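Each chain, written out:
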Amino acid sequence: MNYINARCMMCGKNYQLEEDNKDYKKMSDKEKPGTYICDFCSNRVRYESDDKRKSPRPQSN
């Protein structure tokens, strides 16, 4: 099975993407390779953005 070494742009960890990975085709393009963000960082950004969109709780006095 073929794989590509990819580095996450946010955390800097190296990952081996196999052919069945969703980002393999994007990263294997020789002319213009894409950027890779790992699942952990992607989920973290989504959680933080959802948390920012929530309305703040009313403060009791």
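Refer to the structure printed above.
Predicted model only: the values in this text are computed from it and were never measured.

> Teacher, can you tell me more about the nonpolar core here?
Grouped burial of nonpolar side chains is what soluble globular proteins tend to show. The biggest cluster of nonpolar side chains holds 7 residues, and these are Ala-6, Cys-8, Leu-17, Met-27, Tyr-36, Cys-38 and Cys-41. Those residues within four positions of Cys-41 in sequence are excluded, and the remaining contacts are Cys-8, Met-10 and Cys-11.

> Whenever I open this one, the side chain of Asp-23 confuses me. Can you help?
Summarising the element assignment, Asp-23 is placed in the loop between strand 2 (14–18) and helix 1 (24–28). Polar contacts involving the side chain of Asp-23 include one to the side chain of Lys-22, which spans 3.4 Å. Setting aside chain neighbours within four positions, we find Asp-23 in contact with Leu-17 and Tyr-36.

> What is the right way to look at a nonpolar patch on the surface in this model?
Together, Met-9, Met-10, Ile-37 and Val-45 give the surface a local cluster of nonpolar side chains, amounting to about 360 Å² of exposed area. By secondary structure assignment, the location of Val-45 is in helix 2 (residues 39–53).

> Could you clarify how one ought to interpret the pattern of salt bridges in this entry?
For side chains bearing opposite charge, pairing can occur when the charged atoms are close. On inspection of all chains with the given rule, the structure shows 3 salt bridges. The residue Asp-23 makes a salt bridge to Lys-26 at a minimum N-O spacing of 3.7 Å. Judged by relative accessible area, Lys-26 falls into the partly exposed class, the value being 40%. Here Asp-50 ties to Arg-53 by a salt bridge, and the two come within 2.5 Å at their closest N and O atoms. One end of the pair is Asp-50 and the other is Arg-53, both in helix 2 and 3 residues apart, which spans about a single turn. The class of Asp-50 is partly exposed, set by a relative accessible area of 32%. Overall, Arg-53 belongs to the exposed group, its relative accessible area being 67%. One connected set of salt bridges, linked through shared partners, spans Lys-22, Asp-23 and Lys-26.

Here is what the cut-offs are and how they apply
- Sequence order sets the numbering: in each chain, residues are counted from 1 along the sequence as written.
- Totals for whole chains, interfaces and linings use every residue, but because this is a predicted model, local features are given only for residues with pLDDT of at least 70 and side-chain atom pairs only at 80 or more, for both listing and counting.
- Excluded from the side-chain calculation are hydrogens and water; included are all heavy atoms of the structure.
- We call a set of buried Ala, Val, Leu, Ile, Met, Phe, Trp, Tyr and Cys residues a nonpolar core when their side-chain atoms join them within 4.5 Å.
- Partly exposed describes any residue whose relative accessible area lies between the buried limit of under 20% and the exposed limit of over 50%, with all areas from a 1.4 Å probe on protein chains only and scaled to the type maximum.
- Here, two residues are considered to be in contact whenever any of their heavy atoms come within 4.5 Å of each other.
- Under the scheme used here, helices are H or I runs from DSSP no shorter than 4 residues and strands are E runs no shorter than 2 residues, and both carry numbers assigned from the N terminus.
- Polar contact is defined as a pair of N or O atoms within 3.5 Å, subject to the rule that within protein one atom must be able to donate a hydrogen and the other to accept it, and that residues adjacent in sequence are counted only when both atoms are side-chain atoms.
- Each patch groups residues whose relative accessible area exceeds 30% and which form no salt bridge, using 9 Å between like charges and 5 Å between nonpolar side chains of Val, Leu, Ile, Met, Phe, Trp and Tyr.
- Note on areas: these come from Shrake-Rupley sampling with a 1.4 Å probe, and a residue is covered only by the protein chains present in the view.
- Salt bridges, as used here, are contacts in which a Lys or Arg side-chain nitrogen is within 4 Å of a carboxyl oxygen on Asp or Glu.

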